[in-house]
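Given next are the chains, with one letter for each unit.
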Amino acid sequence: MVVVLSKNITQADKDRLRSYLSERGFTVREQNFGEDAIIGATGKGIVEAHELALLPGVERVAQTSKPYELASRETQAEDTIVTIGPVKIGGSRISVIAGPCAVESREQIMETAACVRESGAVMLRGGAYKPRSSPYTFQGLGIKGLEYMREAGDAYGMPIVTEVVSTEFADAMKELTQCFQIGARNMQNYELLKKVGAIGKPVLLKRGPSATIEEWLLSAEYLLASGTKDVILCERGIRTFETYTRNTLDISAIPVVKKLSHLPVIVDPSHAVGIRGMVSTVALAAIAAGADGLTVEVHPHPELALSDGPQSLYPEQFEKLMRDIEALAPVVGKELLRTPRSRAESAISVTSPAAPEAATGGAADGGAADGGAASSMVAFSGERGAFAEQALVRAFGEDAPRLAVPSFQAVFDAVLEGKARYGIVPMENSLAGSIHENYDLFIRYPDIAVVGELKLRIVHCLIGSPDSSIEKIRVVRSHPQPFAQCREFLDKHPGWTLEPCGDTGGAVASIVRGGDPTVAAIAGEIAAKIHGGKILKAGIETNPLNYTRFAALARRDGGDADRIPAGLAAGAPNKASIVFSTPNEPGSLFACLQVLSEGGINLSKLESRPIPGKPWRYLFYADVSIPESEDAFHAVMEELKKKTEDFRFLGAYRASL
Ligand code: PEP
Ligand code: MN
């Protein structure tokens, strides 16, 4: 049952309402549901809804239509984001958990942790207590195995998740594991669910091989009703008449559960198919279907594995899968989560020639989105719903405090003046080219460094005010970049007048405010949702492979250029941005490029920009790769400096694919 509270409810009325419900046997949970504050009342309590509706401070009482309440989207509209140390699961990120089926020895779990971390896993999995079909097979190392696993997780900066098979072990395990797993065979072991739920730690709940979606969500309800707020659902294949694969992955369960519940849904492709050669294909299908992450079995020597060797990936296969996920993520509007390495972990540190301390592997705490303090603010240009805001959320997380400013220059100013710790600005679009203003701003603000980059897929919509239709449109408002990206669509409507404005979010806000049905805006779907616009046509960009690359920026001297924000990168920087000018003589640019070429450095971008006050002289803005050897990179940069007139190192960071 959901009790919607009146907007002006007093604290005393709220307290009275809570005790009224608790005294009648309900568990109460207060939360926000869209614009409304609600109290979710679950349990076997008895109360007359009409009597409750008369209490002061109650707006209305609604019964949920589902037998599960705490897990239902009807009770909570926003996605739940489960936080486990530096890892978040849910929302706009893809989080990958990897590790062996079972912990077999200290060496084995250490070796596996090292390789899955290197490829980008953010959590370590592994069974210490194994529920095996046969009593004669390896049953796991028990608590000793869990100790090894925790040691490996700590050494490589990954929280661990492990299966609890009995209530008897739960208390000892809670001291070591950061997340419990309830296995498929135990999904309906209600005493276990109650015991583990009451511990309050995050729980990864596998779907039983013969469980319906509703039964699965009811098991999640047991966990939530017993005390934990953090449940991750895991689809791992169900039993069907098909015997070729170990189970049958129920791909459609992903969108179904995401519609029914606010809880994150991940997929275990390993137990679903049971055949190594098919695990990665199925894993990518799960991501395409909207999964929030994966849990994958990886073993350094699968042929020697004590359990599930045939379905365990070799480390190289896992590495390739991670690269494929990174490439696929923007297509489904997500970003692969990378957690920053701890100082102890980051063996390689690339320091920049211009700023000796710059861009080490990042700080252990991530630090980008740590609450509402002004110092952790991230600035973006535009109004709510602008693509820059989406990039910000993707890079810094949903909770990052945001500072909306009116221009790109204001983003640089906000960071320089310390009003924001980071800024985010678009650099180039795959259809319309560079945003020159931002290249010029990096040159004009020498105290600002690039600390990361992020690639966002841009899907444009034609958005009108609530009474508009595509036939009525005469005027279209947007930033000039979207006009360029939607050229083919706009060419089909030669009678429309294009009105350039500062950003897409602002364009939608203004046309909805104006209420004129003949005026539309071009912006993303989110902007329509935020400002109440009506989508007249979606996907109007000329080519669906439409991406914008954003740069994250920070002050050089503020200490923040030292770290790569969480979400933007993990591991050592592999890309740098530099700016230089060359002497006005034949072959001078060639000489610079030759230094890069001979140093084995890949040039991924070269842009020339006019030097203000020096007509017909140019600055070159270049993006270059950082090779494995840091010393070799520095040597090339030193060599390059000798060939240039003016050289500036803008920053080293992790490339977004
Ligand atoms: C596991 O993940 O180790 C496992 C045993 O999976 P499931 O419970 O899905 O069979
Ligand atoms: Mn297994």
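Residues numbered from 1 in each chain as written. Chains lettered and ligands numbered in written order. Predicted model: local features only at pLDDT ≥ 70, side-chain atom pairs only at ≥ 80, totals over all residues. Heavy atoms only, no water.

Brief notes about the packing of aromatic side chains
If you walk through the whole model with that rule in mind, you get 9 aromatic pairs. With a centroid separation of 4.5 Å and an interplanar angle of 25°, the aromatic rings of Y190 and Y222 are classed as stacked. Taken as a pair, Y190 in helix α6 (residues 190–199) and Y222 in helix α7 (residues 213–226) lie far apart in primary sequence, 32 residues in all. Residue classification places Y190 among the partly exposed residues on the basis of a relative accessible area of 30%. Both rings, one in F396 and one in Y422, keep their centres 5.1 Å apart while their planes meet at 35°; by these two values the pair is tilted. Residue F396 is found in helix α12 (residues 387–396), and its partner Y422 is found in strand β18 (residues 422–429); the two are separated by 26 residues along the sequence. Across the pair, Y422 and F396 agree in class, each one buried. Here the aromatic residues F412, F442 and Y445 are joined through ring pairs into a cluster of three or more. Sitting above the plane of the Y20 ring, R24 keeps its charged end 3.7 Å from the centroid. One cation-aromatic arrangement involves K455 over Y547; the distance from NZ or CZ to the ring centre is 4.4 Å. (Phe/Tyr/Trp six-rings, centres within 6.5 Å; stacked < 30°, edge-to-face > 60°. Helix = DSSP H or I, 4+ residues; strand = E, 2+ residues; numbered from the N terminus. Buried < 20%, exposed > 50% of the residue type's maximum accessible area, 1.4 Å probe, protein only. Lys NZ or Arg CZ within 6 Å of the ring centre and 35° of its normal.)

Details of the domain arrangement of the chain
In terms of domain boundaries, the chain breaks down into domain 1 (2–62), domain 2 (82–132 + 139–312), domain 3 (378–457 + 547–653) and domain 4 (461–538). Between domain 2 and domain 4, the C-alpha centre-to-centre distance is 44 Å. (Domains from an automatic or database assignment.)

Here we look at the nonpolar core
Core analysis: the largest hydrophobic core is formed by 66 residues, its most contacted members being L124, L205, L233, L294 and F318. Ranked by residue count, the leading element in this core is α7, at 6 residues. In contact with L233, other than residues within four places in its own chain, are L205, W216, L217, A220, V257, S261, L263, P264, V265 and I266. Judged by nonpolar contacts, the second largest core, of 28 residues, contains F408, V425, I435 and Y621. (Core = buried A, V, L, I, M, F, W, Y, C linked by side-chain atoms within 4.5 Å. Contact = heavy atoms within 4.5 Å.)

Let's talk about the coordination of the manganese ion (ligand 2)
Protein coordination of the manganese ion (ligand 2) is provided by C101 (SG), H271 (NE2), E297 (OE) and D308 (OD), with donor distances spanning 2.0 to 2.4 Å. Spacing between the donor residues of the manganese ion (ligand 2) along their common chain follows C-x169-H-x25-E-x10-D. Residue H271 is located in helix α9 (residues 269–273), and its partner E297 is located in strand β14 (residues 293–297); the two are separated by 26 residues in the primary sequence. Judged by relative accessible area, E297 falls into the buried class, the value being 0%. (Donors = N, O, S within 2.8 Å, 3.2 Å for Na, K, Ca; no water.)

Structural notes on the pattern of salt bridges
Counted under the stated rule, the structure contains 40 salt bridges. With its nearest N and O atoms 4.0 Å apart, the salt bridge here joins E23 to R24. Assessed through its relative accessible area of 65%, E23 is described here as exposed. By relative accessible area, R24 is classed as partly exposed at 33%. In this structure, K575 engages D623 in a salt bridge whose closest nitrogen and oxygen atoms are separated by 3.9 Å. (Salt bridge = Lys/Arg side-chain N within 4 Å of Asp/Glu carboxyl O.)

Here's the deal with the environment of K206
Its place among the elements puts K206 in strand β11 (residues 203–206). Using a relative accessible area of 4% as the deciding quantity, one classes K206 as buried. On a C-alpha basis, the gap between K206 and A285 in space is 18 Å, while along the polypeptide they are 79 residues apart. Aside from chain neighbours lying at most four places away, what touches K206 is Q181, I182, G183, A184, M187, W216, C234, R236, D268 and H271. In terms of polar contacts, K206 uses its side chain to reach the side chain of D268, at 2.8 Å. (Polar contact = N/O pair within 3.5 Å; in protein donor to acceptor, adjacent residues only side chain to side chain.)

Some details on the packing of helix α13 (residues 408–416) against helix α14 (residues 436–444)
Helix packing for two helices is described by the angle between their axes and how far apart those axes are. At a minimum axis distance of 10 Å, the contact between α13 and α14 shows a crossing angle of 30°. In this view, α13 runs roughly parallel relative to α14, as classed from their interaxial angle. α13 and α14 meet at a crossing whose hand is right-handed. Across the interface between the two elements, F408, Q409 and F412 from α13 touch E437, N438, L441, F442 and R444 from α14. Class assignment of the residues belonging to the contact of α13 with α14 gives a composition of 4 nonpolar, 2 polar and 2 charged. (Axes fitted to C-alpha atoms, helices over the stretch in contact; angles between N-to-C directions. Parallel < 35°, antiparallel > 145°, perpendicular 65-115°, else oblique. Left-handed = near helix turned anticlockwise from the far one by under 90°. Nonpolar A, V, L, I, M, F, W, Y, C, P; charged D, E, K, R; others polar.)

Quick look at the pairing of strand β27 (residues 575–581)
Burial within β27 is extensive, with 7 of its 7 residues counted as buried. Pairing of β27 with strand β29 (residues 614–625) involves 7 bridges; the strand directions are antiparallel. Its bridge partner lying in β29, V579 is registered against Y621. (Pairing = 2+ DSSP bridges.)

Some points on the packing of α6 against α7
Taken N-terminus to C-terminus, the directions of α6 and α7 make an angle of 40°; their axes are 7 Å apart at the nearest point. Here α7 runs oblique to α6, going by the angle between their axes. When you trace α6 past α7, the crossing you get is right-handed. Along its contact with α6, which presents Y190, L193, K194, G197 and A198, the element α7 presents S219, Y222, L223 and S226. A breakdown of the residues in the contact of α6 with α7 according to their chemical character gives 5 nonpolar, 3 polar and 1 charged.

Considering α12
α12 sits mainly inside the fold: 10 of its 10 residues count as buried. If you check which residues of α12 are buried, you get F387, A388, E389, Q390, A391, L392, V393, R394, A395 and F396. Of the residues flanking the end of α12, it is G397, one or two places downstream, whose phi is positive at about 95°.

Points about the side chain of S588
Here S588 shows up in helix α19 (residues 588–598). Classification of S588 as buried rests on a relative accessible area of 10%.

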